[in-house]
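# Summary of structural features
Okay, here's what each chain looks like letter by letter:
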Amino acid sequence: MAAMVAGLLMCIAGTVPAWAQEDQKPKFGPDAVPITRAADYLRNTPAPDYWALSPFYVPQTTSASCSLASVTMMLNALRGLPALASERLVTGRQLLDRVDDDHWRAATADDGEGVSFGELIAYVRRSLAAYGIDAEVEVWRPRDASPATLTELRRILTENERSADDIILLAFDQGTLTGDVGLGHVAPLGAYDPATRRALVMDPDRLWYVPYWTSDARLLDAMLKPDRADPEGSGLIRVRARRVSG
């Protein structure tokens, strides 16, 4: 009887409720390394994009406003710190007012559904125009997870790392990288380390995350993953500024 009771107690002890399992789950899955544990690249290299973006790193204010926060960071990084005390930094609210698009307002509100990759491209272009930033907008959508496509992604990330004159916005499945719930997401690329082949994601989901590194191969997987808004997957937008008029 004692053996039977002991065996029963072991079974009960080994059954962990769902809420307890969630409490014990690590903050990041195996495919993401938080910046707090991996800062050597940023200390030992120029990392121009990171230093252009980090002063303007802002959180998304709703569960659906990652596109708005990411474009806001991009605009501030490209414009730089204004010279005059009378000049404001770009904010999400100000950006929505300048672009004046009811769909973007609704899509990024508390109960919004977010935007698709195609809509993000349009809002990037309109946001640049709203702030007088003359820029080339390059859109890259991966075809597959082949070695050739991964090589192409590595080329883009490596070229982008050379200066702060261009900023990349990533559109991807967040859960593929963080190990949490999968959903379409947008974040600026903070840096790329070609030696370790890791990309730094400046995730605006600040309620849960800090910036994190992930492998370029896993990033490709995350961009290819379909969702409701983008059944064919997403990609990246590279914005190269030529001049700022105001």
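In this text, all values refer to a predicted model and were calculated from it rather than measured experimentally.

The subject of this paragraph is the overall build of the protein chain. Helix and strand counts for the protein chain stand at 11 helices and seven strands. When the 246 residues of the protein chain are sorted by exposure, 48% land in the buried category. For the protein chain, the accessible area works out to roughly 12500 Å², and carbon and sulfur atoms hold 56% of it.

Let us now look at the packing of aromatic side chains. Inspection of the entire model under this criterion finds six aromatic pairs. Consider the rings of Tyr 50 and Trp 51, whose centres lie 4.8 Å apart with planes at 80 degrees: the pair is edge-to-face. In this structure Tyr 50 comes out as buried when scored by relative accessible area, which is 14%. When its relative accessible area of 48% is taken as the criterion, Trp 51 is described as partly exposed. Plain terms: the ring middles of Trp 104 and Tyr 123 are 4.4 Å apart, the flat faces sit at 5 degrees to each other, and that makes the pair stacked. In this pair, Trp 104 is assigned in helix H7 (residues 102–107) and Tyr 123 in helix H8 (residues 117–130), connecting sequence segments 19 residues apart. Assigned by exposure class, Trp 104 and Tyr 123 land together as buried. Every member of this aromatic cluster is reached through a ring pair, and the members are Phe 28, Tyr 209 and Tyr 212. Directly above the ring of Tyr 131 sits Arg 98, whose terminal nitrogen or CZ lies 4.1 Å from the centroid.

Once that is clear, we can look at the packing of helix H9 (residues 147–160) against helix H11 (residues 216–224). As a packed pair, H9 and H11 sit with axes 10 Å apart at the nearest point and diverge in direction by 110 degrees. Here H9 lies roughly perpendicular to H11, going by the angle between them. Across the interface between the two elements, Thr 149, Leu 150, Leu 153, Arg 154 and Leu 157 from H9 touch Asp 216, Ala 217, Leu 219, Leu 220 and Met 223 from H11. When its residues are assigned to classes, the contact of H9 with H11 shows seven nonpolar, one polar and two charged.

Here the focus is unusual backbone geometry. The phi dihedral of Ala 47 is positive, around 45 degrees, even though this residue is not glycine. Positionally, Ala 47 belongs in the loop between helix H3 (40–44) and helix H4 (48–53). For Arg 197, which is not glycine, the phi torsion reads 55 degrees and is therefore positive. Structurally, Arg 197 can be placed in the loop between strand S4 (184–193) and strand S5 (198–201). A relative accessible area of 42% means that Arg 197 is categorised as partly exposed.

Moving on to the nonpolar core. One finds Met 74 and Leu 128 to be the most contacted residues of the largest nonpolar core, which totals 44 residues. Among the elements that take part in this core, helix H5 (residues 66–79) stands out by supplying eight residues, more than any other. Those residues in contact with Leu 128 that sit more than four places away from it in its chain are Met 74, Leu 75, Leu 78, Ile 133, Ala 135, Val 137 and Val 239. Judged by nonpolar contacts, the second largest core, of 24 residues, contains Leu 170, Leu 189, Val 201 and Leu 224.

Considering the arrangement of structural elements, one finds His 185 in strand S4. A distance of 2.7 Å separates the side chain of His 185 from the side chain of Asp 203, its partner in a polar contact. Leave out the neighbours within four places in its chain, and His 185 touches Gln 60, Cys 66, Leu 170, Ala 171, Phe 172, Gln 174, Asp 203, Pro 204 and Asp 205.

Per the counting criterion, the structure on display carries 19 salt bridges. Across the pair Glu 152 and Arg 143 runs a salt bridge, and its minimum N-O distance is 3.3 Å. A salt bridge links Asp 221 to Arg 218; its shortest N-O distance comes to 3.2 Å. Of this pair, Asp 221 and Arg 218 are both found in helix H11, three residues apart, which corresponds to roughly one turn of the helix. Under the relative-accessibility criterion, Asp 221 is labelled partly exposed at 31%. Members of the salt-bridge network, linked through shared partners, are Glu 138, Arg 155, Glu 159, Asp 166, Arg 238 and Arg 240.

Let us look at the layout of surface pockets. Approximately 500 Å³ is the volume found for the largest pocket. Lining the largest pocket are 29 residues, with Ser 63, Ala 64, Cys 66, Leu 183 and Gly 184 sitting closest to its centre. Looking at the lining of the largest pocket, the elements with two or more residues in it are H5, H8 and S4.

Procedures and definitions
Residues numbered from 1 in each chain as written. Predicted model: local features only at pLDDT ≥ 70, side-chain atom pairs only at ≥ 80, totals over all residues. Heavy atoms only, no water. Helix = DSSP H or I, 4+ residues; strand = E, 2+ residues; numbered from the N terminus. Buried < 20%, exposed > 50% of the residue type's maximum accessible area, 1.4 Å probe, protein only. Areas by Shrake-Rupley, 256 points an atom, 1.4 Å probe, with all protein chains shown as cover. Phe/Tyr/Trp six-rings, centres within 6.5 Å; stacked < 30°, edge-to-face > 60°. Lys NZ or Arg CZ within 6 Å of the ring centre and 35° of its normal. Axes fitted to C-alpha atoms, helices over the stretch in contact; angles between N-to-C directions. Parallel < 35°, antiparallel > 145°, perpendicular 65-115°, else oblique. Contact = heavy atoms within 4.5 Å. Nonpolar A, V, L, I, M, F, W, Y, C, P; charged D, E, K, R; others polar. Core = buried A, V, L, I, M, F, W, Y, C linked by side-chain atoms within 4.5 Å. Polar contact = N/O pair within 3.5 Å; in protein donor to acceptor, adjacent residues only side chain to side chain. Salt bridge = Lys/Arg side-chain N within 4 Å of Asp/Glu carboxyl O. 1 Å grid on protein atoms, 1.4 Å probe; cavity = no way out; pocket = protein on both sides within 12 Å on 5 of 7 lines; lining within 4 Å. Points joined across faces, edges and corners; volume = space filled by probe spheres on them.

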